[in-house]
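The chain contents come next:
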Amino acid sequence: MSDTAIPQIRSGPLDGLIGPVGRAIWGALILAICVFILAPILVVLVASVSRTPYLTFPPSGFTLRWFTDLVELRDYFAAFQFSLLVAALATAMSLAIGLWVALVLTRRDFPGKAALSALFMSPIILPELALALGLLQYLSQIGAVRGMLPTLLAHSVVCAPYVIRTVQASALRLDRNLEDSALSLGAKPARVLWDVTLPLLKPGLLSGGIMAFVISFDNVTISLFLAAPGATTLPALLFNQASETGLNTTLAAVCAMLTAFMLLLMLVVERLVGLERMATSAVAGKR
Amino acid sequence: MAADLLVQGVTRRFGEQLAVDRVDLAVGQGEFLGLLGPSGCGKTTLLRMIAGFLVPDSGRIICAGQDITTLPPFARNLGVVFQNYALFPHMTAAENVGYGLKVRGMARAEIVTRVKAALDRVNLAHAADRLPGQLSGGMQQRVALARAMVIEPRILLLDEPLSALDKNLREEMQVELRLLQQRVGITTVFVTHDQEEAMTLSDRIAVMQAGRVMQLGTPEEVYRRPISRFVATFLGTTNLLEGKAARVAGNTVTVALEGGAMVEASAPVPPTPGSPVQLAVRPESILLRSTPEGVPGTVEDVLFQGHRLIALFRTDSGQELRSYMPPSGWRPARGDRAWASWPAAEAGLIQA
Ligand SMILES: Nc1ncnc2c1ncn2[C@@H]1O[C@H](COP(=O)(O)OP(=O)(O)OP(=O)(O)O)[C@@H](O)[C@H]1O
Ligand SMILES: [Mg+2]
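Please read all numbers here as calculations on a predicted model, not as lab measurements.

**Q** Account for the overall build of chain B, with residues named and values stated.
**A** Within chain B, the regular secondary structure consists of 8 helices and 20 strands. For chain B, long-range pairs separated by at least 24 residues make up 65% of all intrachain contacts whose partners lie at least 6 apart in sequence. Taken as a whole, chain B presents about 15,100 Å² of accessible surface, with 52% of it coming from carbon and sulfur. Charged side chains of chain B number 36 positive and 35 negative; the gap between the two group centres comes to 3 Å.

Here it is, written out as structure tokens:
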């Protein structure tokens, strides 16, 4: 892999235009961008071991106290569990909605299809704030204002478009003759969906599902608006704490643990998806 | 020959587009029927209606005495093979072949035996555990065929199954397909736009144009005695001669050609006497001779092609004819007087 990547960079489009000095500046720029992206995370990670109860950088002294004080962390842990539950359920709902909508959009022709398609994509572009406010208003009309169910619904609305997008991409590549073959071999439509359609849409479902999970897990705006006691996601809780009590080191410790969790999750996913991609490209590559 | 598959007045539109237009077909038990026609003439649409993927706007489809017009495809028990084979890419060859048996709820052991037999029959026992992506085009083709036939379908429907193969393999597969079909004795409908392939394989050919069946007959009939200009030209090079139906006696028609020569031809549906007609005669049926017998004219050019001569001939009434002649025997030369003739059975009568 890397053997092939290096000569590609060397023969890049900038090659004839910039000399060694230019190349050094170019390198520095890339480094600066990396630092700019990573620095905030690094600051929080490093600050989380500070002895002081308030957040300082550089940290003064070293302690793991903020990571081990279970009484302090209890609320955060409950919020973390709630976040996981919401993200998992929102992912499941997004997958179900996304699969259905994507199949209808790729396979049916009806008037107003383009408009409907745009509507389904709108949560990606529209401000989440507007969505959250609107939902709050709407939910208060029907009596259920805050808590688990509203949060779950709102998250699903935000996450489903990503699933629709990725499943649509897979569905466009899916050969309808495959499903017709299965039908003619005697499989009923539900069986065809299970045996043929779903396995072949797996790449789209998988990447859409991952996006949905991460987006739900990370969401602050909507979760903040719809949070209720005992039904607050971790990002919402962190935001509340930071604005109410200021930046304390426990927050940094929680953020550090959250970062570690997300990294771990990405590793697992990378393993799963990486293997998946290898398997599918092995089949596709020999065509 | 009992009709196994009946298509009666089947019509299908896509919006304004008339894809299949009042098609009638009767396919006999064990018969191999070729559906031949240019791209876009409605072959696939017709096949998809027989398979149940599309419902006709009007007309009926009857299989083994049962009206299946609106029966869903999974209840029809028909074997379908697509041009791109449509093998399930996530299943091995054996799993592909066994799928139809699995959804029927057959016992595992029984499936294994039948799949093995089916793969053996197409000489693919060694490839049972490979994924479709690891098989060559010809092998995929054979897996698709095995998959369609293992369920013991009532009818086999093939949509240009060989068109993705290169020429040599294609000719090999034509023979293999024909032998397999004969051995199993299964009623087969085969779609192709290749006239040679259709003639090689089919017991009868339905030639389609713009959604209509223009002629239905044995390969010999449609090739030697086309009843329309379209069929005559679609099936290969042909000569068209203008004339008039002078006398009609049963199916035998005496045609007065332009210039006065009288020739006989037979027509399934005789024309009314006096109406203008055309005769379609293949170049290989036209014999040029130096004795005054037939249509008089002048040889305009002679081209040598090794295995044959192509003689370009102009009748005295000004019609151009092309004749393929063996290089042995009398050789016309440019400017020679000659007379063109052909056996009556080699002329197709086309009514305007
Ligand atoms: N799903 C569809 N929607 C709209 N028009 C269609 C559809 N399927 C077929 N048609 C039209 O119907 C006509 C017949 O198409 P069909 O696919 O049956 O032709 P074909 O004879 O199989 O051609 P080919 O040899 O190219 O496969 C064509 O004009 C095609 O554009
Ligand atoms: Mg077709």
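**Q** So, the pairing of strand β10 (residues 212-217) of chain B: which residues are in play, and what are the values?
**A** Successive side chains on a regular strand alternate, one facing one side of the sheet and the next facing the other. All names here are of chain B. By the bridge criterion, 5 bridges tie strand β9 (residues 204-209) to β10 in an arrangement that is antiparallel. If you follow Val207 over to β10, its bridge partner there is Gln215. Connecting β9 to the next strand, β10, in antiparallel fashion are 2 residues, including Ala210 with a positive phi near 45°.

**Q** Residue-level account of the interface of chain B and chain A, with values.
**A** Contacts between chain B and chain A engage 25 residues on the former and 21 residues on the latter. Interface area, chain B with chain A, both sides summed: about 2,100 Å², of which 62% is carbon and sulfur. Broken down residue by residue, the surface that chain B buries against chain A is led by Phe74, Tyr99 and Gly133 of chain B, which jointly contribute 27%. Inspection of the region where chain B meets chain A yields 1 salt bridge. Salt-bridge contacts for Asp180 of chain A lead to Arg48 of chain B; the nearest nitrogen and oxygen are separated by 2.8 Å. Counting every contact that joins chain B to chain A gives 8 residue pairs in polar contact (both at pLDDT 80 or more). Along the lines of polarity and charge, the residues of the side of chain B that touches chain A split into 16 nonpolar, 5 polar and 4 charged.

**Q** Requested: an account of the sheet that holds strand β15 (residues 287-289) of chain B, with residues and values cited.
**A** All names here are of chain B. The antiparallel open sheet is built from 5 strands, whose spatial order is β15-β19-β16-β17-β18. Every other strand in the sheet has two partners, leaving β15 and β18 (320-325) as the edge strands with one partner each. Strand-to-strand twist in this sheet, taken as the mean axis angle between neighbours without regard to direction, amounts to 45°. For β15 and strand β19 (residues 337-341), the ladder comprises 3 bridges, and the chain directions are antiparallel. Across the sheet, the residue bridging to Arg289 is Trp339, located in β19.

**Q** Give a description of helix α1 (residues 43-51) of chain B that names residues and reports values.
**A** Residues and elements named next belong to chain B. Summarising burial for α1: 7 of the 9 residues are buried, a large majority. Buried residues of α1: Lys43, Thr45, Leu46, Leu47, Met49, Ile50 and Ala51, and no others. Among the residues trailing α1, Gly52 stands out with phi positive, at a value near 100°.

**Q** Would you mind going over the domain arrangement of chain B in detail, with residue names and values included?
**A** Residue and element names in this part refer to chain B. Assigned domains of chain B: these are domain 1 (3-226) and domain 2 (237-351). On a C-alpha basis, the centres of domain 1 and domain 2 stand 39 Å from each other. The interface of domain 1 with domain 2 comprises 5 residues on the first partner and 10 residues on the second. Taking both partners together, domain 1 and domain 2 bury about 640 Å²; carbon and sulfur atoms supply 39% of that area. Looking only at domain 1, the three residues that lose the most surface to domain 2 are Tyr223, Arg224 and Pro226, adding up to 77% of its buried area. Inspection of the region where domain 1 meets domain 2 yields 1 salt bridge. Among the salt bridges present, the one from Arg224 reaches Glu346, with a minimum N-O distance of 2.6 Å.

**Q** Please give an account of the side chain of Thr69 of chain B that cites residues and values.
**A** Residue and element names in this part refer to chain B. By the secondary structure assignment, Thr69 is in the loop between β5 (66-67) and β6 (79-81). Residue Thr69 is classed as buried on the basis of its relative accessible area of 9%. Engagement of the side chain of Thr69 in a polar contact is seen with the backbone nitrogen of Ile61, the distance being 3.0 Å. Only 2.5 Å separates the side chain of Thr69 from the side chain of Asp67, close enough to count as a polar contact. What Thr69 contacts, discounting residues up to four positions off in sequence, is Val55, Pro56, Gly59, Arg60, Ile61 and Arg76.

**Q** Mind laying out helix α5 (residues 113-125) of chain A, listing which residues take part and the relevant values?
**A** Taking 1.5 Å per residue as the helical rise, α5 of chain A with its 13 residues ought to reach 18 Å, and the 19 Å between its terminal C-alpha atoms agrees with that figure. Of all the bends in α5 of chain A, the largest measures some 30° and sits at Leu119 of chain A, one to four residues before the proline Pro123 of chain A.

**Q** Quick rundown of a nonpolar patch on the surface? Include the residues and the values.
**A** Residues Trp26, Leu29, Ile30, Ile33, Ile37, Leu38, Ile41, Leu42, Val43, Leu45, Val46 and Phe57 of chain A make up a contiguous nonpolar surface patch of roughly 1,100 Å² in combined accessible area. Turning to its location among the elements, Ile41 of chain A is positioned in helix α2 (residues 20-47).

**Q** Give a description of the packing of α5 of chain A against helix α7 (residues 148-173) of chain A that names residues and reports values.
**A** All names here are of chain A. Their axes nearest at 8 Å, the elements α5 and α7 cross at an angle of 120°. The angle between α5 and α7 places the two elements in the oblique class. Judged by the sense of rotation from one axis to the other, the crossing of α5 with α7 is left-handed. The residues of α7 that touch α5, namely those facing Phe120, Met121, Pro123 and Ile124, are Val157, Val158, Pro161, Tyr162, Ile164, Arg165 and Gln168.

Reading the values: the criteria
Residues numbered from 1 in each chain as written. Chains lettered and ligands numbered in written order. Predicted model: local features only at pLDDT ≥ 70, side-chain atom pairs only at ≥ 80, totals over all residues. Heavy atoms only, no water. Helix = DSSP H or I, 4+ residues; strand = E, 2+ residues; numbered from the N terminus. Contact = heavy atoms within 4.5 Å. Areas by Shrake-Rupley, 256 points an atom, 1.4 Å probe, with all protein chains shown as cover. Lys, Arg positive; Asp, Glu negative; His and termini not counted. Charge placed at Lys NZ, Arg CZ, Asp CG, Glu CD. Pairing = 2+ DSSP bridges. Buried area = accessible area lost by both parts, 1.4 Å probe. Salt bridge = Lys/Arg side-chain N within 4 Å of Asp/Glu carboxyl O. Polar contact = N/O pair within 3.5 Å; in protein donor to acceptor, adjacent residues only side chain to side chain. Nonpolar A, V, L, I, M, F, W, Y, C, P; charged D, E, K, R; others polar. Axes fitted to C-alpha atoms, helices over the stretch in contact; angles between N-to-C directions. Buried < 20%, exposed > 50% of the residue type's maximum accessible area, 1.4 Å probe, protein only. Domains from an automatic or database assignment. Expected span 1.5 Å × (residues − 1). Bend = angle between axes of the 7 residues up to and from the residue. Patch = residues over 30% accessible without salt bridge, like charges linked within 9 Å, V, L, I, M, F, W, Y side chains within 5 Å. Parallel < 35°, antiparallel > 145°, perpendicular 65-115°, else oblique. Left-handed = near helix turned anticlockwise from the far one by under 90°.

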